[in-house]
Amino acid sequence: MFLRFLGATIILFIIYEVFLVKNQPEINQEDRKDFLVASFFGAFANIALYFLGQRLTTVIDAWVITSSGTLFVIAISYIFFKERLSKTVYLGVIIAFIGTLIIIGTPILKLGSGNLFGNILMLGSTISGVIAFFSYRRLVQKFHPLVVAYYTFLLALPFAFPLFLWDFWRNPVWLSN
């Protein structure tokens, strides 16, 4: 994950410096907070929890849980941002949310083939992505999307570096494989 972030950061840095550095608004304190939240939850936690959870649960469980991100976006938009949709959409969200809870909980009842901890990690990944979504939404209203991507990957590097070291310590010959 660290090497992917590093590669993306280098490529985006070149694009940023050559094409985008001019005419960009100044990054204020609120923007810094949004960039940090987007980097931690959107790039680091979302991806790390996804890869860990995917190893422990079934592909279908992972897919259903990850697909529930839209449900969380709608719920948070309704609760915190007072955004409204039709009653039919809300009914669909409730039905889909109940279905997602059933998928997550089936390992408890020994009905499914997934792993409860893996399902919880997948849910954590999904919630991390939803948290990041709201930061991204604010950032792309002010900055070019490539600028947002550049700073997201740049700020995610320190979060991913300890996992890179741990993975390298566990398997020091992975580069030669």
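Everything here concerns the structure above.
Hey, could you run me through the nonpolar core in this one?
Side chains of a nonpolar character, in soluble globular proteins, are inclined to be buried together. In this structure, Leu-12, Tyr-16, Phe-35, Ala-38, Leu-139, Phe-143, Val-147, Val-148, Tyr-150 and Tyr-151 together form the largest nonpolar core, which totals 10 residues. Among the secondary structure elements, those contributing two or more residues to this core are helix H1 (2-20), helix H2 (29-56) and helix H7 (145-170). With 4 residues, H7 is the single largest residue contributor to this core. When sequence neighbours within four positions are dropped, the list of residues in contact with Phe-143 reads Gln-24, Pro-25, Glu-26, Ile-27, Asp-31, Phe-35 and Val-148. With 9 residues, the next largest nonpolar core counts Phe-2, Phe-5, Phe-44 and Ala-48 among its residues.

Mind showing me how you'd approach the pattern of salt bridges here?
Note that side chains of opposite charge can pair when their charged atoms are close. In this structure the tally under the stated criterion is 3 salt bridges. Glu-30 is paired through a salt bridge with Lys-33; the nearest N and O atoms lie 3.3 Å apart. With Glu-30 and Lys-33 both in helix H2 and 3 residues apart, this pair spans about one turn of that helix. On the basis of relative accessible area, Lys-33 is assigned to the partly exposed category, the value being 45%.

Please explain the environment of Ser-68 as it appears in this structure.
By the element assignment, Ser-68 lies in the loop between helix H3 (59-67) and helix H4 (69-81). The buried category is assigned to Ser-68, whose relative accessible area is 2%. When the C-alpha positions of Ser-68 and Thr-100 are compared, they lie 6.8 Å apart, and in sequence the two are 32 residues distant. For Ser-68, the residues in contact, after removing those within four places along its chain, are Thr-100 and Thr-126. A distance of 2.4 Å separates the side chain of Ser-68 from the backbone oxygen of Ile-65, its partner in a polar contact.

The rules behind the values
Residues numbered from 1 in each chain as written. Predicted model: local features only at pLDDT ≥ 70, side-chain atom pairs only at ≥ 80, totals over all residues. Heavy atoms only, no water. Core = buried A, V, L, I, M, F, W, Y, C linked by side-chain atoms within 4.5 Å. Buried < 20%, exposed > 50% of the residue type's maximum accessible area, 1.4 Å probe, protein only. Helix = DSSP H or I, 4+ residues; strand = E, 2+ residues; numbered from the N terminus. Contact = heavy atoms within 4.5 Å. Salt bridge = Lys/Arg side-chain N within 4 Å of Asp/Glu carboxyl O. Polar contact = N/O pair within 3.5 Å; in protein donor to acceptor, adjacent residues only side chain to side chain.

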